[in-house]
Amino acid sequence: MHAIRQGTVLGDRYELDQPLGRGSMGQVWHGRDLHLGRPVAVKTVVAELLSEAGNRDRARRRFVREAKAAARLDSANIATVYDAAVTGDTHWLVMQLVDGATLGMVLGEQEQLEVASATAVAAQICSGLAAAHAAGLVHRDLKPENVMVRRDGVVKILDFGLVKLMADDGPRLTATGEQPGNLLYASPELLSGDPDLDGRSDLYSVGCLLHHMLVGAPPFPRDRPMAVLRGHLHDTPPGLAEAGVPVPDALQDLVLALLAKDREDRPASAAEVYGALGPWLPAARPGPDTLRGFGPEDPRRPFVLPQGPYPV
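Residues numbered from 1 in each chain as written. Predicted model: local features only at pLDDT ≥ 70, side-chain atom pairs only at ≥ 80, totals over all residues. Heavy atoms only, no water.

**Points about the overall build of the chain**
In terms of regular secondary structure, the chain is built from 10 helices and 9 strands. Expressed as a percentage of its 312 residues, the buried residues of the chain come to 50%. The contacts of the chain with a sequence gap of at least 6 include a subset with a gap of at least 24, amounting to 62%. (Helix = DSSP H or I, 4+ residues; strand = E, 2+ residues; numbered from the N terminus. Buried < 20%, exposed > 50% of the residue type's maximum accessible area, 1.4 Å probe, protein only. Contact = heavy atoms within 4.5 Å.)

**Brief notes about unusual backbone geometry**
We note that aspartate 12 has phi near 55°; this positive angle belongs to a residue other than glycine. Secondary-structure assignment places aspartate 12 in the loop between β1 (9–10) and β2 (14–23). The exposed category is assigned to aspartate 12, whose relative accessible area is 69%.

**Observations concerning the packing of helix α7 (residues 199–215) against helix α9 (residues 249–258)**
Geometry of a packed helix pair, given as the angle between the helix axes and the separation of the axes. At their nearest, the axes of α7 and α9 sit 7 Å apart, and the two run at 135° to each other. With respect to their mutual orientation, α7 and α9 come out oblique. As for the relative orientation of α7 and α9, their crossing is left-handed in sense. Packed against α7, whose contacting residues are Leu203, Tyr204, Val206, Gly207, Leu210, His211 and Leu214, the element α9 presents Leu251, Val255 and Leu258 at the interface. Counted by class, the contact of α7 with α9 contains 8 nonpolar, 2 polar and no charged residues. (Axes fitted to C-alpha atoms, helices over the stretch in contact; angles between N-to-C directions. Parallel < 35°, antiparallel > 145°, perpendicular 65-115°, else oblique. Left-handed = near helix turned anticlockwise from the far one by under 90°. Nonpolar A, V, L, I, M, F, W, Y, C, P; charged D, E, K, R; others polar.)

**Considerations on the UniProt feature "binding site: ATP" (unreviewed entry) in the chain**
The residues that UniProt annotates with the feature "binding site: ATP" (unreviewed entry) are Lys43. Tracing the backbone through its elements, the reader meets lysine 43 in strand β4 (residues 38–46). (UniProt positions renumbered as here; feature names shortened; annotations may be inferred.)

**Structural notes on the confidence of the model for the chain**
Low pLDDT marks stretches whose predicted atomic positions should not be read closely. Summing up the model confidence of the chain, the mean pLDDT is 82 and the portion of residues at 70 or higher is 79%. Overall, residues 165–181 carries pLDDT values under 50, and its contacts beyond four positions in sequence, including any with other chains, amount to 30 contacts. pLDDT under 50 marks residues 287–306. Its contacts with residues more than four places away, or in other chains, come to 47 contacts. (pLDDT = per-residue confidence, 0-100.)

Take a look at the structure:
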């Protein structure tokens, strides 16, 4: 296949308009669905990188299987997968185009969030994870770059359908050339190469993200990869108060529970974490352009009251 470039049409349907971002595994494009006339996001991944996890044909089959599983997820807090296929040497995934910024961009601008906003973001992530974990999917690569904050405040998790494939034979944190962005938020069992991961690995990442949002930095120093690795595997994570951020004791206890080395010591489910975050979420109030208050599961005002996992 020719190199992916602007104007390429994948699957006789998805035209690539302009690149939105590039990573070590491939590229994300702003695209257009020529059949339905809607904008989409298209992630293209070079087959050689995926085949490092094993035989190329096996990687291709696994890619399609995981994409189908991700496409079945139904949550307001997960970017919907529309389509996926392999063309020549390129695997591609078509997703809902989220109009907003990554959590990484938000933190780059604001450095840290107040308690209400940080817990609202974490609650929405947990809402999406609850749906994914119920379907038997573990994300494995939660980090600020894989969380989108839409312009209206809705939080969307990206990249279900790709990360499980890429991590299938272990964490592979450096073999594919990845920068240590995922290392900063990875659970001890993922870093240890545990083949039997469950949803509590993602909850550890939620703890890292909560710490980052509240403090302005991940729990362990980002500039020394080996120190980060040692921190996740062995060191006691620093308390929020130690970093100069006063938070309620119960919220500090929740963050430390999420960052427990042994997954048995963490909360049992994403829905449980969502419920535990409840006391610090902003109170519901009418918006400026509406004549009514918002209900407890109205996805239009997630920063006021996030949509909860179903059933709660």
